[in-house]
Amino acid sequence: MSVPARTASRQARRQELQLEALADAALRFRSQTPVIAAWGRRLARVLDSGGRLLACGNGGSAAEAQHLTAELVGRFERDRRPFAAIPLHGDTSAVTAIGNDYGAETVFARQVRAHGRRGDVLICLSTSGRSGNVVAAAEQARRLGVTAWAITGPGPNPLAAACDDAITVDAVSAATVQEIHLAAIHLLCGVVDETLGVRG
């Protein structure tokens, strides 16, 4: 076998293993669906009554947080009214000013203090569950009476412990964890819409 052929064969096998890991993680994650359903029903009530969702994370988890808020401000699968949902990393001026003046650990917590109201919900995303600025946001939320939920990688971890409830993903690869996080977000949005009676 030529060198290019061997390289292609190794790449194909790596891709197969990656998909197998994703499938295995998804099957294990099925046990978390009752929690997602409970969260979705609660979040639907909060949003429908004029409350808001705050979401935070770093890097890929920031992208997941923004994906979630976009589904709520825009729409998921069917048309409905927009809901108040804020990705805390999205205001770059606030993030950089807070980081510069108060330190990186406070960039989300200070925004939770500014935007969060008792009864609102904060969703914290972290593949490791150890992001200090996300843990600080959860701690601030709980001080304010904002419900804090974590979506993380394998537990136990500090973020899960800092929140009112947590969904953990049992996977070794951070990429696989993030892929399951996206599925969790879509499941959550589906429950919100179903609870509110959204139909096509």
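Keep in mind that what you see is a predicted model, and the values were worked out from it rather than measured. (Residues numbered from 1 in each chain as written. Predicted model: local features only at pLDDT ≥ 70, side-chain atom pairs only at ≥ 80, totals over all residues. Heavy atoms only, no water.)

1. Topic: the overall build of the protein
Along the backbone of the protein there are 8 helices and 5 strands. Counted from the first residue to the last, the protein has its helices and strands arranged as α-α-β-α-β-α-α-β-α-β-α-β-α. Taking 200 residues into account, the globule formula puts the C-alpha radius of gyration at 16 Å, and the protein, at 18 Å, falls close to it. With the C-alpha coordinates of the protein rotated into their principal frame, the extents come out at 65 × 45 × 30 Å. A sequence separation of at least 24 residues applies to 71% of the contacts in the protein between residues at least 6 apart. (Helix = DSSP H or I, 4+ residues; strand = E, 2+ residues; numbered from the N terminus. Rg over C-alpha atoms; globule rule 2.2 N^0.38 Å. Contact = heavy atoms within 4.5 Å.)

2. Points about the packing of helix 2 (residues 33-48) against helix 8 (residues 174-195)
Where helix 2 contacts helix 8, the axes come no closer than 8 Å and their chain directions differ by 50 degrees. Between helix 2 and helix 8, the angle falls in the class oblique. Where helix 2 crosses over helix 8, the handedness of that crossing is right-handed. Across the interface between the two elements, Thr-33, Ile-36, Ala-37, Trp-39, Gly-40, Arg-41, Leu-43 and Ala-44 from helix 2 touch Ala-184, Leu-187, Leu-188, Val-191, Val-192 and Thr-195 from helix 8. Its residues assigned to classes, the contact of helix 2 with helix 8 shows 10 nonpolar, 3 polar and 1 charged. (Axes fitted to C-alpha atoms, helices over the stretch in contact; angles between N-to-C directions. Parallel < 35°, antiparallel > 145°, perpendicular 65-115°, else oblique. Left-handed = near helix turned anticlockwise from the far one by under 90°. Nonpolar A, V, L, I, M, F, W, Y, C, P; charged D, E, K, R; others polar.)

3. With respect to the sheet that holds strand 3 (residues 121-126)
Ordered by their spatial adjacency, 5 strands build an open sheet running 2-1-3-4-5, and the pairing between neighbours is parallel. If you trace the sheet from one side to the other, it starts and ends with strand 2 (84-87) and strand 5 (165-168), each paired once. Direction aside, the axes of adjacent strands within the sheet are offset by 15 degrees on average. Where strand 1 (residues 52-56) and strand 3 come together, 4 bridges link them in parallel fashion. Residue pairing in the sheet places Leu-54 in a bridge with Leu-122 of strand 3. (Pairing = 2+ DSSP bridges.)

4. Things to note about the nonpolar core
Grouped together as the largest cluster of nonpolar side chains are 31 residues, with contacts concentrated most on Leu-43, Leu-53, Leu-68, Leu-72 and Ile-123. Elements with a contribution of two residues or more to this core: helix 1 (3-29), helix 2, strand 1, helix 3 (60-73), strand 3, strand 4 (147-152) and helix 8. The element contributing the most residues to this core is helix 8, with 7 residues. Setting aside its immediate chain neighbours within four residues, Leu-68 contacts Leu-53, Ile-123, Ile-185, Leu-188 and Cys-189. (Core = buried A, V, L, I, M, F, W, Y, C linked by side-chain atoms within 4.5 Å. Buried < 20%, exposed > 50% of the residue type's maximum accessible area, 1.4 Å probe, protein only.)

5. Observations concerning the packing of helix 3 against helix 8
Put simply, helix 3 and helix 8 touch, their axes get as near as 10 Å, and they point 15 degrees apart. One way to sum up the angle between helix 3 and helix 8 is to call them roughly parallel. Crossing handedness for the pair helix 3 and helix 8: right-handed. Each of Gly-60, Ser-61, Glu-64, His-67, Leu-68, Glu-71 and Leu-72 in helix 3 lies in contact with helix 8, whose residues at this interface are Gln-178, His-181, Leu-182, Ile-185, His-186, Leu-188, Cys-189 and Val-192. Split by residue class, the contact of helix 3 with helix 8 holds 7 nonpolar, 6 polar and 2 charged.

6. Some points on unusual backbone geometry
Note that the residue after Gly-155, namely Pro-156, is joined by a cis bond; omega there is -5 degrees. Counting through the fold element by element, Pro-156 comes out in the loop between strand 4 and helix 7 (158-162).

7. With respect to the side chain of Thr-69
Its place among the elements puts Thr-69 in helix 3. There is a polar contact of 3.1 Å between the side chain of Thr-69 and the backbone oxygen of Gln-66. With near-sequence residues (within four places) excluded, Thr-69 lies in contact with Ala-55, Ala-85, Ile-86 and Pro-87. (Polar contact = N/O pair within 3.5 Å; in protein donor to acceptor, adjacent residues only side chain to side chain.)

8. Notes on the pairing of strand 2
What you see with strand 2 is a clean split: Ala-85 and Pro-87 sit on the buried side and Ala-84 and Ile-86 on the side with no burial. Two elements, strand 1 and strand 2, share 4 bridges in a ladder whose sense is parallel. Across the sheet, residue Arg-52 finds its bridge partner in strand 2, namely Ala-84. Between the parallel elements strand 1 and strand 2, the chain passes through helix 3 in a crossover that is right-handed. (Right-handed = clockwise from strand over helix to strand, strands pointing away.)

In short, the description is geometric, and any link to function would need to be established separately.
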